[in-house]
Amino acid sequence: MRLKAVLDEYLPEYEKCFCKLTIKTSLELLKRFGLAGLRNSATRKEVKKMIVMVSRHKIPATKADSIVATLKRSIGVKEGLSGAEVELRTWIKQIEGYQEELNNLEEQIKTILIKTEEARYLISIKGVGVITSAIILGQTGSFAKVMDSFGVSHTIHSTTKI
């Protein structure tokens, strides 16, 4: 991933701060402060506040403090930051575009799936979402066929609404 390449060169510690580079908190942080801003101690309180707020307190203030301190001490390259900032913004826009396309595809899949009683039932199960339901139904064809092969009644009784 090219975003990772930019970060490895200019903020090599960044990847250790987040479980995934493309999570909302990570991307918002990069967009808002950029490479230079994340290395600057003047923005320390603001960066910490934003991490906690955007993560909806999933990242506590103490962890946010640790992230800020780690990025401030970065051993990354300091020359060419302005060019790297342009490249960083380009990759972030591209990632956000891909994420939007995925969200649109998931909505289209959901629109198709909710027309079937089996999908509505699957989606009503805690932890089973649109994609998992689509995979299950795609692999099995339908519950009716699977249940028939075992000689089991396949009537689904569900009042769950999506």
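The structure reproduced in this document is the subject of the present report. (Residues numbered from 1 in each chain as written. Predicted model: local features only at pLDDT ≥ 70, side-chain atom pairs only at ≥ 80, totals over all residues. Heavy atoms only, no water.)

### Regarding the pattern of salt bridges
- If you walk through the whole model with that rule in mind, you get 7 salt bridges.
- The partner of D8 in a salt bridge is K4, and the shortest N-O contact between them spans 3.0 Å. Within this pair, D8 and its partner K4 are both found in helix α1 (residues 2-10), separated by 4 residues, close to a single helical turn.
- The network of salt bridges with shared partners includes K4, D8 and E15. (Salt bridge = Lys/Arg side-chain N within 4 Å of Asp/Glu carboxyl O. Helix = DSSP H or I, 4+ residues; strand = E, 2+ residues; numbered from the N terminus.)

### Here's the deal with helix α5 (residues 61-72)
- Compared with the 16 Å implied by 1.5 Å per residue over 12 residues, the 16 Å span of α5 between its first and last C-alpha is a close match.
- Among the residues of α5, those classed as buried are A64, I67, V68, A69 and L71.
- At its buried positions, α5 is contacted by α2 (14-17), α3 (24-39) and α4 (44-54). (Expected span 1.5 Å × (residues − 1). Buried < 20%, exposed > 50% of the residue type's maximum accessible area, 1.4 Å probe, protein only. Contact = heavy atoms within 4.5 Å.)

### Some words on the side chain of E85
- If you trace the backbone, E85 turns up in helix α6 (residues 81-113).
- Filtering out sequence-adjacent residues up to four positions away, E85 remains in contact with G34, L35 and A36.

### Some thoughts on the packing of α1 against α6
- Running from amino to carboxyl end, α1 crosses α6 at an angle of 150°, the nearest separation of the two axes being 9 Å. Overall, the two elements α1 and α6 adopt an arrangement that is roughly antiparallel. The hand of the α1/α6 crossing is left-handed. Where α1 approaches α6, its residues R2, L3, V6, L7 and Y10 are matched on the opposing element by L81, A84, E87, L88, W91, I92 and I95.
- Across the contact of α1 with α6, the residue classes tally to 10 nonpolar, no polar and 2 charged. (Axes fitted to C-alpha atoms, helices over the stretch in contact; angles between N-to-C directions. Parallel < 35°, antiparallel > 145°, perpendicular 65-115°, else oblique. Left-handed = near helix turned anticlockwise from the far one by under 90°. Nonpolar A, V, L, I, M, F, W, Y, C, P; charged D, E, K, R; others polar.)

### Concerning unusual backbone geometry
- The residue R56 is not glycine, and still its phi comes out positive at about 55°.
- Assignment of secondary structure puts R56 in the loop between α4 and α5.
- Given a relative accessible area of 66%, R56 falls into the exposed group.
- At H57, a position not held by glycine, the phi torsion is positive, near 70°.
- The residue H57 is located in the loop between α4 and α5 in this model.

### Notes on the packing of aromatic side chains
- Counted under the stated rule, the structure contains 1 aromatic pair.
- Summarising the aromatic geometry, the rings of Y14 and F18 are spaced 5.2 Å apart at their centres and angled 40° between planes, so their arrangement reads as tilted.
- Judged by its relative accessible area of 0%, Y14 is buried. (Phe/Tyr/Trp six-rings, centres within 6.5 Å; stacked < 30°, edge-to-face > 60°.)

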